[in-house]
Amino acid sequence: MRKYGRIAFLSAACVLAASVASSVLAHGNVTPQAVDTSALPDIGEAWLKQNPYKDNAAAIKIGESAYGQNCARCHGLEAESGGIAPDLRYLELGESGDEWFIERYQHGSAHDGKVYMPPMGDVLGQKAGWAIRSWLETKHQE
Ligand code: HEC
């Protein structure tokens, strides 16, 4: 039982790696696209745990485009995942969802020596992250 479980996990990981590679090829550009967040209030350098832009209309708009440029190739257009990466519409709303969101956004995800999601914090910045979170909350599904 355990053995089969492990084999299934490994082949799922291979499929994941292969599909990420092919979607990267299909979409060409994998360089993170800078996000203009100058219209949003400054929130300082220290990483927050709660979304300071929740329900902020300007942030929602910026977040939608930032998502499309930096996240959609793995998490799917309009946040509807095609299965390569988790469907972000199901993230919890509110504070606990915020905390998990920003943790992954900032640091990405790597295990078993493979990068599943690259860290986004240093390249895109905290303001862009919270803008994306604000937009994602408008797409939330239970
Ligand atoms: C190269 C593909 C890729 C890109 C680009 C990417 N992600 Fe991810 N993301 C993943 C994968 C794969 C996981 C699952 C990681 C795991 O299970 O360890 C994930 C997990 C997450 C999670 C946790 C979801 C959960 O249900 O636990 C969040 C939040 C997230 N990503 C946000 C983002 C945001 C925001 C962006 C764009 C700024 C982004 N990701 C860009 C591949 C990607």
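Please read all numbers here as calculations on a predicted model, not as lab measurements.

### A word on the packing of aromatic side chains
Across all of its chains, the model carries four aromatic pairs by this definition. Judged by centre distance (5.0 Å) and plane angle (45 degrees), the rings of Y67 and W135 are tilted. Here the residue Y67 occupies a position in helix α2 (residues 57–70), and W135 occupies one in helix α6 (residues 126–138), the gap between them amounting to 68 residues. For the pair Y67 and W135, a shared accessibility class is recorded, and that class is buried. Seen in terms of ring centroids, F101 and W130 are 6.4 Å apart; in terms of plane orientation they differ by 40 degrees. Their pairing is tilted. Of the two residues, F101 sits in helix α4 (residues 94–107) while W130 sits in helix α6, which places them 29 residues apart along the sequence. Considered together, F101 and W130 belong to a single accessibility category, that of buried residues. A network of ring pairs unites the aromatic residues W47, F101, Y105 and W130 as a single cluster.

### Some thoughts on the pattern of salt bridges
Enumeration over the complete set of coordinates arrives at six salt bridges. One salt-bridge network, in which partners are shared between bridges, spans K54, D98, R133 and E137.

Cut-offs applied
Residue indices begin from 1 for each chain and proceed along its sequence in written order. Only residues with pLDDT of 70 or above have their local features reported here, since the model is predicted, and side-chain atom pairs are shown and tallied only from 80 upward, although totals for entire chains, interfaces and linings are computed over all residues. Here the side-chain values reflect all heavy atoms present in the structure, with hydrogen atoms and water set aside. Note on ring pairs: Phe, Tyr and Trp rings are taken, using the six-membered ring of Trp, and paired if centres are within 6.5 Å. Classes follow the plane angle, with under 30 degrees stacked, over 60 edge-to-face and the rest tilted. To qualify as a helix, a DSSP run of H or I must reach at least 4 residues; to qualify as a strand, a run of E must reach at least 2; elements of each kind are numbered from the N terminus. For every residue, the accessible area (1.4 Å probe, protein chains only) is compared with the maximum for its type, and the residue is labelled buried under 20%, exposed over 50%, or partly exposed between those bounds. Between Lys or Arg on one side and Asp or Glu on the other, a salt bridge is scored when a side-chain nitrogen of the former is within 4 Å of a carboxyl oxygen of the latter.

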